[in-house]
Amino acid sequence: MDKIRQFGNQMYYRMAQFMYGRNGLDALARTCNWIAIFLLVINLFVQSSIVYLLWLIFFSYSCFRVYSRNIPKRYAENQKFLDMTTVPRKYAKLAKLQWRDRKVSRYYICKSCHQQIRVPKGKGRIEIRCPKCNERFIKKT
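Remember, predicted model here, so these are calculated numbers, not experimental data.

Peer 1: Any chance you could explain the overall build of the protein here in plain terms?
Peer 2: The number of helices and strands found in the protein is 5 helices and 4 strands. Across the protein, helices and strands are ordered from the amino to the carboxyl terminus as α-α-α-α-α-β-β-β-β. For the protein, whose C-alpha radius of gyration is 23 Å, the value lies well above the compact-globule estimate of 14 Å for 141 residues. For the protein, the spread of C-alpha atoms along the three principal axes comes to 65 × 45 × 35 Å. Counting over 141 residues, the protein shows a buried share of 23%. Counting only carbon and sulfur atoms, one obtains 62% of the accessible surface of the protein, whose full area is about 11200 Å². Looking at charge distribution, the protein has the averaged site of its 28 positive side-chain charges lying 4 Å from that of its 7 negative ones.

See below:
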């Protein structure tokens, strides 16, 4: 058992040495990986060469990003990707919060400042005051 642990530690050290000075896994590479996995699952059922080619492109690009040594350029690409996907990520985060708290809370968006407001569920018709702009509106919880 000790030799297995020692071998695992050596492999971890060698991988850390190999990855030193490389970009690593960022948001764009992670997204490309998820798309590649999705395409691979689709290709299991469809058996299409186009889907396989798309899988190969996304997977190769993800590996290229992870092992690239040109960190400033990969960082700029990742920042551009994050800027382009700000709105969908915000709505996905809101949906995740709403799903997590679905039994105890309701979420509303203020009409004037678009602030997200969480209120307890099951209180009937209540007046909600936005903490950011003090706008008041009545909703049923």
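That covers the picture; the talk isn't over yet.
Peer 1: Explain unusual backbone geometry to me, please; I cannot follow it from the model alone.
Peer 2: Among all residues save glycine, negative phi is the norm, and among peptide bonds the norm is trans. For His114, which is not glycine, the phi dihedral falls at a positive 65°. Along the chain, His114 falls in the loop between strand E1 (105-109) and strand E2 (116-120). By relative accessible area, which is 58% here, His114 ends up exposed. Positive phi, normally seen in glycine, also occurs at Asn134, with a value near 60°.

Peer 1: When you look at the environment of Pro131 in this model, what are you seeing that I'm missing?
Peer 2: As for its placement among the helices and strands, Pro131 is situated in the loop between strand E3 (125-129) and strand E4 (136-140). Separated by 16 residues in sequence, Pro131 and Gln115 have C-alpha atoms that sit 8.3 Å apart.

Peer 1: Quick question: what am I supposed to make of a nonpolar patch on the surface here?
Peer 2: A contiguous nonpolar surface patch, about 700 Å² in accessible area, is contributed by Trp34, Ile37, Val41, Leu44, Phe45 and Val46. Along the chain, Ile37 falls in helix H2 (residues 27-46).

Peer 1: In this structure, what is going on with the packing of helix H3 (residues 49-67) against helix H4 (residues 71-84)? I would like to understand it.
Peer 2: The description of two packed helices rests on the angle between their axes and on the distance between the axes. At their nearest, the axes of H3 and H4 sit 9 Å apart, and the two run at 125° to each other. Relative to H4, H3 is oriented oblique. In contact with Tyr61, Phe64 and Arg65 of H3, H4 contributes Arg74, Glu77 and Asn78. Here the residues of the contact of H3 with H4 sort into 2 nonpolar, 1 polar and 3 charged.

Peer 1: In this structure, what is going on with the nonpolar core? I would like to understand it.
Peer 2: Taken as a class, soluble globular proteins show a tendency for nonpolar side chains to be buried jointly. Ranked by size, the top nonpolar core spans 7 residues in total: Tyr108, Cys110, Ile117, Val119, Ile128, Cys130 and Phe137. Not counting chain neighbours up to four residues away, the residues in contact with Ile128 comprise Tyr108, Ile117, Val119, Glu135, Arg136, Phe137 and Lys139.

Peer 1: Looking at this structure, I do not really get the pattern of salt bridges. What am I missing?
Peer 2: Oppositely charged side chains can form a pair if their charged atoms are brought close together. In the structure shown here, the tally under the stated rule is 6 salt bridges. Of the charged contacts in the structure, one is a salt bridge between Asp26 and Arg65, with a shortest N-O distance of 2.5 Å. Within this pair, whereas Asp26 is found in the loop between helix H1 (2-19) and H2, its partner Arg65 is found in helix H3, the two being separated by 39 residues in sequence. This pair shows no difference in class: Asp26 is buried, exactly as Arg65 is. With a shortest N-O distance of 2.5 Å, Arg65 and Glu77 are connected by a salt bridge. Separated by 12 residues along the polypeptide, Arg65 in helix H3 and Glu77 in helix H4 bring together distant segments of the chain. For Arg65, a relative accessible area of 0% gives the class buried. One connected set of salt bridges, linked through shared partners, spans Asp26, Arg65, Arg74 and Glu77.

Conventions adopted
Residues numbered from 1 in each chain as written. Predicted model: local features only at pLDDT ≥ 70, side-chain atom pairs only at ≥ 80, totals over all residues. Heavy atoms only, no water. Helix = DSSP H or I, 4+ residues; strand = E, 2+ residues; numbered from the N terminus. Rg over C-alpha atoms; globule rule 2.2 N^0.38 Å. Buried < 20%, exposed > 50% of the residue type's maximum accessible area, 1.4 Å probe, protein only. Areas by Shrake-Rupley, 256 points an atom, 1.4 Å probe, with all protein chains shown as cover. Lys, Arg positive; Asp, Glu negative; His and termini not counted. Charge placed at Lys NZ, Arg CZ, Asp CG, Glu CD. Patch = residues over 30% accessible without salt bridge, like charges linked within 9 Å, V, L, I, M, F, W, Y side chains within 5 Å. Salt bridge = Lys/Arg side-chain N within 4 Å of Asp/Glu carboxyl O. Axes fitted to C-alpha atoms, helices over the stretch in contact; angles between N-to-C directions. Parallel < 35°, antiparallel > 145°, perpendicular 65-115°, else oblique. Contact = heavy atoms within 4.5 Å. Nonpolar A, V, L, I, M, F, W, Y, C, P; charged D, E, K, R; others polar. Core = buried A, V, L, I, M, F, W, Y, C linked by side-chain atoms within 4.5 Å.

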